[in-house]
Structure formats: C-alpha cells, structure tokens
Amino acid sequence: MDSRWKREALSEVLTELLLPTAFRIVFTFINVELTYHTSKNAILNGTKAIRGGIPLVFPQFGKAEDSSAPTAALPQHGFARNSKWEFLEGKDDDNEVTGIFTLSPSSVPSELYQKWPFPFKLLYTVILRPQSLSTFISDISKLKIHNLTNNVFTDKVANGARDTETREVITVNGEVDRVYEDVITEDVLVYCGDESGIRIKRVGVNDVVVWNPWLAKAAAMSDFGDDEYKEMICVELGNVSKYVRLAPGETWEGGQELSVI
Ligand SMILES: O=P(O)(O)OC[C@H]1O[C@H](O)[C@H](O)[C@@H](O)[C@@H]1O
C-alpha cells in the first residue's frame, strides 16, 4: 500500500489539531478521506471553540445544574475545547497513523482554570485507518438514527423532562437536544440520507447526545450559518449525565470509533 496517506494524514492531524481551540479535522488523501462538518461561519482564530468537528468536552458537559457542584463556575462545556493542546507523539504503524495530544493545567487559560483549579492530565489519541468517512449530511429530512430505542433520555428542549425513546428510527424535524443515558447498545448508527452512514461505537462511555439547533437557535448563533441546521447533526458520545469521580492517581479512559456503514 502507498504509505503516503499515512505521512500526510499524520501531518494533517498535527496542523489541524494544533489549532488553538477545539478540533476540526478535514482529511482528504489518496486512501483516507475524513471530513468533519464545520460551520462556514466557524471562528478559527482561537478566540472561540470551533463550531463543528469533534468537540472535546471536559470537565463538564453543558452547564452544571447544581450550583454547589465543583464545576458550577465553569462556562458551558468546560475548558478543554478552549485550550491549546500539545502534540505529544506520532506513530506510523502498518495500517494506521496515530497522533497523541495532551492537555494539562498550564495550557488552560488561567481565567478558566481558576474556576476549576484541580490537577489533571488529559491524553487524546487519534487513530486513523484508511477509509472514506464524512459527517456532512445534505438534507436533515433524510437523516435516520438507529439503536437508541428504549433508552431513557433527558430532553433539554422540554426543560429537562425525562422520557423513554420509543422510536426504532429517530428522525429530526425540529429542534432536538437530548441526552440518552446509559445507552443499551454498543453502536449508534447514523444514516445520512442514502444508504451510506456512520457507525459510532461506544468505548467506555455511557451516554449519547443528539443535538440540532433548528431554525431560531441557528439564527441566534453568530458562528453558525442560518441554514446550516439543515445539513448537520451532532451525535456526541460521552459520560454526560453523571460525573466520573477520580481519586488522586486514578485514571479513566473512554472514546469512540467511527466507521463507514
Ligand atoms: O453552543 P455550544 O456551547 O457549542 O453548545 C452547542 C450544543 O452542544 C450540545 O450538543 C448540547 O447538548 C447543546 O445544549 C448545546 O447547545
């Protein structure tokens, strides 16, 4: 196999992920194509997390509901997406390239870190294997999400009401912002309109968020095009509904694997 894709993919990981804020990944190579939806209005100069890509959210998802929570003073989605990560290591194995990045307190903007001043170290590992994967969807009315049936969810659009998903196939035709908790199946399947789709496998994470701002919220976001809600969906995996508590010295690992269906 032509190994050029690996070298190019790795260098692209470095340049794209070293952007000073959240993560935007756009790879197009001989054997690899990974294209993440990014808003055309996304702010790329480091003053704001990039609207699109894979947001790495730590130490909380959303805003703390409990004002006595240790994260209560932090802004929505914490600080990891607003910090500049460091590149630690790159590996070029037989059929994959790996980039490892790290974030520690000294790289977090001090005005954010002082709102949650605890020691931590994050490692973010990106492994790329050759395939063509795109998270763009051309028409939200054709989107179908499978494998969330029978899961309890919190509905942020309905003031945090809790309910159980009864649909076999989730479609989106209005604002949606749900946290599916302790998801039963290992994989969530997202079909983008035709037969093609993405399989997202949970690896050590329990919850799945489904978000589309729809018309009014899209119009209210300065870094998001007014019509872009028609061509995006967030299906975010993580430990969102409950905190993972670590004693000093303990570690936690979680992730996701994306592949083409
Ligand atoms: O606007 P942001 O802070 O980037 O958040 C964007 C969205 O992220 C998640 O999907 C949340 O569930 C939503 O409630 C939130 O609106």
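None of these values were measured; they are calculated from a predicted model. For every chain, the first residue of the written sequence is number 1, and numbering continues from 1 onward in sequence order. For a predicted model such as this one, the threshold for reporting local features is a pLDDT of at least 70, and the threshold for listing and counting side-chain atom pairs is 80 or more; totals across whole chains, interfaces and linings nevertheless cover every residue. As a rule here, side-chain values cover all heavy atoms of the structure and leave hydrogens and water aside.

Novice: I would appreciate a short explanation of the domain arrangement of the protein chain in the present structure.
Specialist: One widely used convention gives an interface's size as the accessible area the parts lose upon coming together. Domain annotation for the protein chain reports domain 1 (1-136) and domain 2 (137-261). Note on definitions: a residue-residue contact is assigned when non-hydrogen atoms from the two residues lie within 4.5 Å. Contacts between domain 1 and domain 2 engage 24 residues on the former and 22 residues on the latter. Note on terms: buried area is the combined drop in 1.4 Å-probe accessible area of two parts once they are placed together, counting the loss on both. Counting the surface lost from both domain 1 and domain 2, the interface buries some 1,800 Å², and carbon and sulfur atoms represent 54% of this. Summed over the three residues of domain 1 that lose the most area to domain 2, namely H37, R51 and F61, the buried surface amounts to 32% of that side. Take a side-chain nitrogen of Lys or Arg and a carboxyl oxygen of Asp or Glu: if they are within 4 Å of each other, that pair is a salt bridge. Applying the counting rule to domain 1 against domain 2 returns two salt bridges. Of the charged contacts in the structure, one is a salt bridge between R51 and D223, with a shortest N-O distance of 3.3 Å. The class makeup of the residues in the side of domain 1 that touches domain 2 is twelve nonpolar, nine polar and three charged. The source of the domain bounds is an automatic or database domain assignment. When residues are sorted by character, Ala, Val, Leu, Ile, Met, Phe, Trp, Tyr, Cys and Pro go into the nonpolar class, Asp, Glu, Lys and Arg into the charged class, and all the rest, Gly among them, into the polar class.

Novice: Please clarify how the sheet that holds strand 11 (residues 176-180) should be interpreted in this entry.
Specialist: The five strands are arranged 9-8-11-14-15 in an open sheet whose pairing can be described as antiparallel. Every other strand in the sheet has two partners, leaving strand 9 (161-164) and strand 15 (234-238) as the edge strands with one partner each. On average, each strand axis in the sheet is inclined to that of its neighbour by 25°, with strand direction left out of account. In this structure, strand 11 lies alongside strand 14 (residues 207-212), joined through five bridges in antiparallel fashion. Opposite V176, over in strand 14, you have N212 as the bridge partner. Two strands form a pair only when DSSP identifies at least two bridges running between them. Helix and strand labels come from DSSP, where a helix needs a run of H or I of at least four residues and a strand needs a run of E of at least two; each type is numbered from the N terminus. Each axis is a line fitted through C-alpha atoms, and for a helix only the stretch in contact is used; angles between axes span 0 to 180 degrees, taken between their N-to-C directions.

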